[in-house]
Amino acid sequence: MLTPSRSLENLSVVNHYRVWVTGLVAVLCLLAPSLFAQNAALPQITRIEQDVANITIDGFIDEAVWADLPVIDGMQVIDPDTLEDAPYETHIRFFYTERGIYLSAMNFQPKETLMARMTSRDTRLERDGFVVAIDASGEGLYGFLMRINLGNSLTDGTILPERNLNIQWDGPWLARTQPLENGWSAEYYIPWSMMALPQVDDVRKLGFYFERQVGHLQGETWSNPPLPRTINQYLSAFEKYELSDIEPRRQLTYYPFVSGVRDGITGEAEYKVGTELYWRPTSNSLVSATLNPDFGSVQADDVVVNLTAFEVFFPERRVFFLEGQDVFTTSPRSNGGGPGGPISLLNTRRIGSAAIYDIPDDVSVVATDRSRPSELLGAAKLTGQNGNWRYGTLVASEDESQISGTRDDGTPVTISAVGRDFAVGRLLYEDTSSGGRRAIGWMGTNLSHPELDATTQAVDMHYFSADNKFLVDTQFMHSDVNGDTGSGFLGDVTYRPRRGLQHGLRATYIDDSLDINELGFLTRNDQMNLDYNMFNVESDVPGLRQRTTSVFVTNQWNTDGEPVRLGAFLNRGYNLLNNDTVDFSFRYFPQRIDDRLGRGTGDFKVKGRYGLNLGYETNPAEPLALRIGLNLGQDELGPATTQMTGGVTWRPTDRFSTDLRLDYTDREALLVHQGDGAYTSFESHQWAPRLEMNYFISAWQQLRFTMQWTALKAYEDRFWQVDAQNTTFLQPVTKPNTDSDDFVISRLTFQARYRWELAPLSDLFVVYTRGSNLPSTSFNTFQDLLERSWSDKIVDSFAVLLRYRFGS
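Everything numeric in this text was worked out from a predicted model, so none of it was measured.

### Points about the sheet that holds strand β20 (residues 401–407)
Thinking step 1. Read from one edge to the other, the open sheet built from three strands follows the order β17-β20-β21, with strand pairing classed as antiparallel. The strands lining the two open edges of the sheet, one partner per strand, are β17 (363–365) and β21 (412–417). Neighbour-to-neighbour, the strand axes of the sheet open up by a mean angle of 45°, direction not taken into account.
Thinking step 2. In this sheet, β21 lies alongside β20 in antiparallel orientation, the contact comprising six bridges. Across the sheet, Ile-403 pairs through a bridge with Ile-415, a residue of β21.

Quick look at the structure:
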């Protein structure tokens, strides 16, 4: 074991908002009385006056205040899940002032083993890093995670029970690291203003969790308390501490911004000035608002070719909507966790999305103009807590939108669209007094527009057993869209009989009228499912760091009693001693019914199919990391589908990285609906490269280049017709006309971005974005398609955004 030297050990260290009475009554009727338990004495956190502390957050633990604080270590290995004592010492000290928490970590290890890797915020990568997570509720109800890596790259997120992590959130905490002769050190400052704290008379309780990753040990991870992912407990098991004489004062934070965007296609320029405001009138509530917001993205969405009948989900990236958003999470499925994306009543990407235009039949408009995001007049949000209750409300209003069009006779016209108004309400009751967790909540949403009035309501219930073995999450949903009503139910049960083994059941019933997509996200209604999953993690297999096995059984039907997605999956992964990974999976899909691809023109049977996945990845912590994958499967009609994936990541220095991924897909029978129950199967070839390059001038200045291109060429092969009278297999037919159905898709997005983090959550962005979408008749070689995709641009913009945080 490497121990500290004496010198180190002795270092001087709202519009249209509604009250949904029905939902509130349902919550109140289901509330159970609270039980109260006495807590054993908890360790105390040292309080030091701010002017006495005199801390400079620079990574050096050299201030006098650190010397007399108690040291915390006790790290155990959690990945792989051995729970052995950590081979190196970690000395953690922390205290608090009236402004926030200060923490230092001395991470002992040989100097020659230090591994720093600079990355964008929230990038997961094996390297030397330290995590502090805080249960701000003191009851395992909500928390915050903050990680700094050697080299000062950051990761942060919010936590909901038990391990529901949202890394889209960014907080105004400050941390720095320094390499040393005996390892490396880190310092944190975590302001009270960034977290909601329950109101208490005197003594408050916080939970703490510490984690350390060591890059040269193949990314081995240690923690205190030891909470591997193979157990149910996480947030509720943080080590509890008491602190007193702290009641954060009212805090006001504001983020003024100025931005300018020049459109290289039209030659037009747009400038904006606005602000976001965050006010904590009490320690347990937050009022936020945005005025004249600029929600122009400084990060492009992934390029996706979607030929299915299902919508693709894209995550939220706008800071205002991410702050305080966790209270609006009603189910683990709200953040994904299954085929088809999340099931969520609130998808804030709907706010400010493309306007609702009524375009006459004799008018044509540019597709990119019609899909352009709407401008927001403003938005406001209130979130908070009172005892066992948590609450939240969100309102937003869009401005009127306009686009230009052309009549068939050549006359130019302007088409206007009225903006939408949005309102969301949330109420949640949580009780942990008798061990485990019980919770019940209500949520309602409303979208108001002259042509659309959509309201949804849901009641959600949650249970975590005191013995930490059972997790139960349920949700009842109801929607009313212009008078058409629908309902649905979600029920998830997780059982973990021992560490490393987990069983899960997921039940779903959604009728064919439920519609939450005006403000939420649901890939399909008309479903009733009962799915099973099993995970087993083994960390005691000779010759391996870890072996994982998972089994999935998918059993999904529509409400007419027809199977629409059936499947059985067996997955096995091997994490080798050198941190290379080998994995494979087998899958079998029994015969089913496709009731969506035809968009209401008739259902048809799909034959049973088999598939196999193989993958290999070298240790991602090495300067050169490789990954390859092979996916063998069958299309809906039976012929083969082959997908090959290759990737290489090169990090010659801590400041520079390049990542190249290349996907190739070959399909013998790509099935595309042509209308009126007619289908064409295509022989198709698709290339999808993605390149990302990063250079860090410093940890706070980054140059980033990304390019994504997807190109698909499809050649008509056979023709099919659905039997409108009987649900059977598609019937082969002769070519219905002389026109060719061959088509091409070629889409490219390129972005060059400079980011300078001036201070926590204060940034200067300079961004160039370029994009293209070639006509479907562009039959060229793939090389020519790439060259044309670069030159025939339909997006060409240059943007500058300056945003600075002021206040507490």
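### Here we look at the nonpolar core
Thinking step 1. Formed by 46 residues in total, the largest nonpolar core has its most connected members in Tyr-188, Phe-208 and Phe-210.
Thinking step 2. At the level of secondary structure, the elements contributing two or more residues to this core comprise β3 (90–96), β4 (100–108), β5 (129–135), β6 (143–149), β7 (154–160), β10 (183–191), β11 (204–214) and β13 (239–243).
Thinking step 3. Sequence-distant contacts of Phe-208, that is, excluding residues within four places in its chain, are made with Ile-45, Phe-94, Ile-101, Val-132, Ala-133, Ile-134, Pro-225, Phe-238, Glu-239 and Tyr-241.
Thinking step 4. Tyr-255, Tyr-278, Leu-394 and Met-443 belong to the second largest nonpolar core, which has 31 residues in total.

### Here's the deal with the side chain of Arg-524
Thinking step 1. Within the secondary structure layout, Arg-524 lies in the loop between β27 (501–510) and β28 (527–538).
Thinking step 2. Taking relative accessible area as the criterion, Arg-524 reaches 11% and is therefore assigned buried.
Thinking step 3. There is a polar contact of 2.9 Å between the side chain of Arg-524 and the backbone oxygen of Asp-526.
Thinking step 4. Discounting chain neighbours no more than four positions away, the residues touching Arg-524 are Phe-310, Asn-558, Val-564, Asp-595 and Arg-596.

### Side note on the sheet that holds β10
Thinking step 1. In spatial order, the strands read β1-β3-β4-β10-β9; together these five strands make up an open sheet with mixed pairing. Of all strands in the sheet, those bounded by a partner on one side alone are β1 (46–47) and β9 (174–180).
Thinking step 2. Note that β1 and β3 share two bridges and pair parallel. Looking across to β3, one finds that Arg-47 is bridged to Tyr-96.

### Some thoughts on the confidence of the model for the chain
Thinking step 1. Averaged over every residue, the pLDDT of the chain is 90; residues scoring 70 or more account for 92%.
Thinking step 2. In this model residues 1–39 is a low-confidence stretch, pLDDT under 50, and it forms 93 contacts with partners more than four residues away in sequence or in other chains.

Conventions we followed
- Residues numbered from 1 in each chain as written.
- Predicted model: local features only at pLDDT ≥ 70, side-chain atom pairs only at ≥ 80, totals over all residues.
- Heavy atoms only, no water.
- Pairing = 2+ DSSP bridges.
- Helix = DSSP H or I, 4+ residues; strand = E, 2+ residues; numbered from the N terminus.
- Axes fitted to C-alpha atoms, helices over the stretch in contact; angles between N-to-C directions.
- Core = buried A, V, L, I, M, F, W, Y, C linked by side-chain atoms within 4.5 Å.
- Buried < 20%, exposed > 50% of the residue type's maximum accessible area, 1.4 Å probe, protein only.
- Contact = heavy atoms within 4.5 Å.
- Polar contact = N/O pair within 3.5 Å; in protein donor to acceptor, adjacent residues only side chain to side chain.
- pLDDT = per-residue confidence, 0-100.

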